[in-house]
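# Observations on the three-dimensional arrangement
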Amino acid sequence: MKLYWKLNKSRWILVAGGLATLLCLAVLAVCRRQMPPWQLGLTLVLAAGACLGATWFAAGMVASACQQSMLEQLHLKLQPDAFVAAYAPVAEAMPPDSAGAVTAAVNLADGYCAAGDWQQALATLVQPSAQLAEPKRSALQALVLRSRCRYCLWGGEVPGAEAALQTFARQVESLRESNPPLAENLQGDVELYQTWLGLLTGHTADCGALEQKMQQLPTKLAKLDVCWMLLLASHAARDEAAEKRYKALFRQEGGNLAAARTLRGAKAAEG
């Protein structure tokens, strides 16, 4: 609720700016009433443009800062329930068929997945509209496919993850001509999710490489994806000491993530 109130600051700024603009125009109209009508009209138009432009700029800056604060609640503070409660109205307010609606849906779905409801996360995703211009539409499609694959992996839904990963990998390949930097960035996710899928189907993985990857990732939420993979890898390798270590790390660093709560519950049950 606190975060949502912060986001509404931008709306209050728009309202206050609109009222201030009207007041400014009224004062100008009174003070410059002896000016020729055409000159007074031009002055009022220029003043209105300047006031409203400043208001829109300030409101946009505040809205961007508040949304960033919300995303930190999930990706850094690992509080998915609080994030979902605050961010859901933001996602609902996005214009339909817009790029913002797609990215906001992905953000909200990430929250549902972190809270343990990966199926709700899948249901929350929004497909990019055919009205969106290329190459933006293809980039957004890759983002949605990446998220779909990740949620299936967290849910242990192997057939769904396999299908989503194949589609995601093809989409990344299709981006190599239109958006090479994005394709290169997403290729790392393709490879990471291939390893994750392999772990779910009984294969092992290079724990040293995964630990190096975990250190390179920018957010705690992304790091804990890899920590979970390390836990799976150590279990597959029957390395009980490593598995115990990664479980302890996830319990300690996992905040209010559903997986962390589950691990803490299992630890408490052991005594």
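Scroll up to find the structure this text is about.
Below is a summary of the structure that appears in this document. (Residues numbered from 1 in each chain as written. Predicted model: local features only at pLDDT ≥ 70, side-chain atom pairs only at ≥ 80, totals over all residues. Heavy atoms only, no water.)

## Some details on the overall build of the protein
Across its full length, the protein holds 13 helices and 0 strands. In sequence order, the secondary structure elements of the protein are arranged as α-α-α-α-α-α-α-α-α-α-α-α-α. Classification of the 271 residues of the protein by burial places 39% in the buried group. For the protein, the proportion of contacts with a sequence separation of at least 24, taken over those separated by at least 6, is 57%. Element-wise, carbon and sulfur atoms account for 59% of the exposed surface of the protein, whose accessible area totals about 14600 Å². (Helix = DSSP H or I, 4+ residues; strand = E, 2+ residues; numbered from the N terminus. Buried < 20%, exposed > 50% of the residue type's maximum accessible area, 1.4 Å probe, protein only. Contact = heavy atoms within 4.5 Å. Areas by Shrake-Rupley, 256 points an atom, 1.4 Å probe, with all protein chains shown as cover.)

## Here we look at the layout of surface pockets
Space inside the largest pocket adds up to approximately 700 Å³. Taken together, 29 residues make up the lining of the largest pocket; nearest its centre are His75, Leu143, Arg146, Asp189 and Ala222. Breaking the lining of the largest pocket down by element, the ones donating at least two residues are helix H3 (37-75), helix H5 (99-114), helix H7 (136-155), helix H9 (180-200), helix H10 (207-216) and helix H11 (220-236). At 9 residues, the largest contribution of residues to the lining of the largest pocket is made by H9. Looking at the lining of the largest pocket, its residues break down into 16 nonpolar, 7 polar and 6 charged. (1 Å grid on protein atoms, 1.4 Å probe; cavity = no way out; pocket = protein on both sides within 12 Å on 5 of 7 lines; lining within 4 Å. Points joined across faces, edges and corners; volume = space filled by probe spheres on them. Nonpolar A, V, L, I, M, F, W, Y, C, P; charged D, E, K, R; others polar.)

## So, H11
In this model, H11 (17 residues) spans 24 Å end to end at C-alpha, consistent with the 24 Å of a helix rising 1.5 Å per residue. Listing the buried residues of H11 in full gives Leu221, Leu224, Asp225, Val226, Cys227, Trp228, Met229, Leu230, Leu231, Ala233 and Ser234. With its phi angle positive at about 55°, arginine 238 sits one or two positions after the end of H11. (Expected span 1.5 Å × (residues − 1).)

## Thoughts on the packing of aromatic side chains
In total, this model carries 6 aromatic pairs according to the counting rule given. Ring centres of tryptophan 154 and tryptophan 228 lie 5.2 Å apart, and the angle between their planes is 35°; on these two criteria the pair is classed as tilted. Placement of the pair is tryptophan 154 in helix H7 and tryptophan 228 in helix H11, with a sequence separation of 74 residues. Using a relative accessible area of 22% as the deciding quantity, one classes tryptophan 154 as partly exposed. Of the aromatic side chains, those joined through ring pairs into one cluster are Trp154, Phe168, Tyr193, Trp196, Trp228 and Phe250. Across from the ring centre of tyrosine 246, 5.0 Å away, lies the NZ or CZ of arginine 245, which sits over that ring. (Phe/Tyr/Trp six-rings, centres within 6.5 Å; stacked < 30°, edge-to-face > 60°. Lys NZ or Arg CZ within 6 Å of the ring centre and 35° of its normal.)

## Concerning the side chain of serine 147
Looking at where serine 147 falls in the secondary structure, it is placed in helix H7. Leave out the neighbours within four places in its chain, and serine 147 touches Val106 and Leu125.

## A short note on the side chain of glutamine 187
Within the element layout of this structure, glutamine 187 appears in helix H9. Those residues in contact with glutamine 187, other than ones at most four positions away along the chain, are Val172, Glu173 and Arg176.

## Remarks on unusual backbone geometry
Of note, the bond from glutamate 134 into proline 135 is cis; its omega dihedral lies within 30 degrees of zero at 5°. Within the secondary structure, proline 135 sits in the loop between helix H6 (118-124) and H7. A positive phi is found at aspartate 97, a non-glycine position, where the angle reads about 65°. The phi torsion at arginine 238 lies on the positive side, around 55°, for a residue other than glycine. Summarising the element assignment, arginine 238 is placed in the loop between H11 and helix H12 (240-253). On the basis of relative accessibility, which here comes to 76%, the residue arginine 238 falls in the exposed class.

## Observations regarding the pattern of salt bridges
Considering all chains together, one arrives at 8 salt bridges under this definition. Residue arginine 150 pairs with aspartate 225 through a salt bridge whose shortest N-O separation is 2.7 Å. Taken together, the positions of arginine 150 in helix H7 and aspartate 225 in helix H11 put the pair 75 residues apart, joining distant regions of the chain. A salt bridge links glutamate 253 to lysine 220; the nearest nitrogen and oxygen atoms lie 3.6 Å apart. Taken together, the positions of glutamate 253 in helix H12 and lysine 220 in helix H11 put the pair 33 residues apart, joining distant regions of the chain. Within the structure, one salt-bridge network assembled from shared partners comprises Asp110, Arg150 and Asp225. (Salt bridge = Lys/Arg side-chain N within 4 Å of Asp/Glu carboxyl O.)

## What to know about the nonpolar core
Note on soluble globular proteins: their nonpolar side chains tend to be buried together. By size, the foremost hydrophobic cluster in this structure holds 65 residues, and its most contacted members are Tyr87, Tyr151, Phe168, Tyr193, Phe250 and Leu257. No other element matches the 9 residues that H11 contributes to this core. (Core = buried A, V, L, I, M, F, W, Y, C linked by side-chain atoms within 4.5 Å.)

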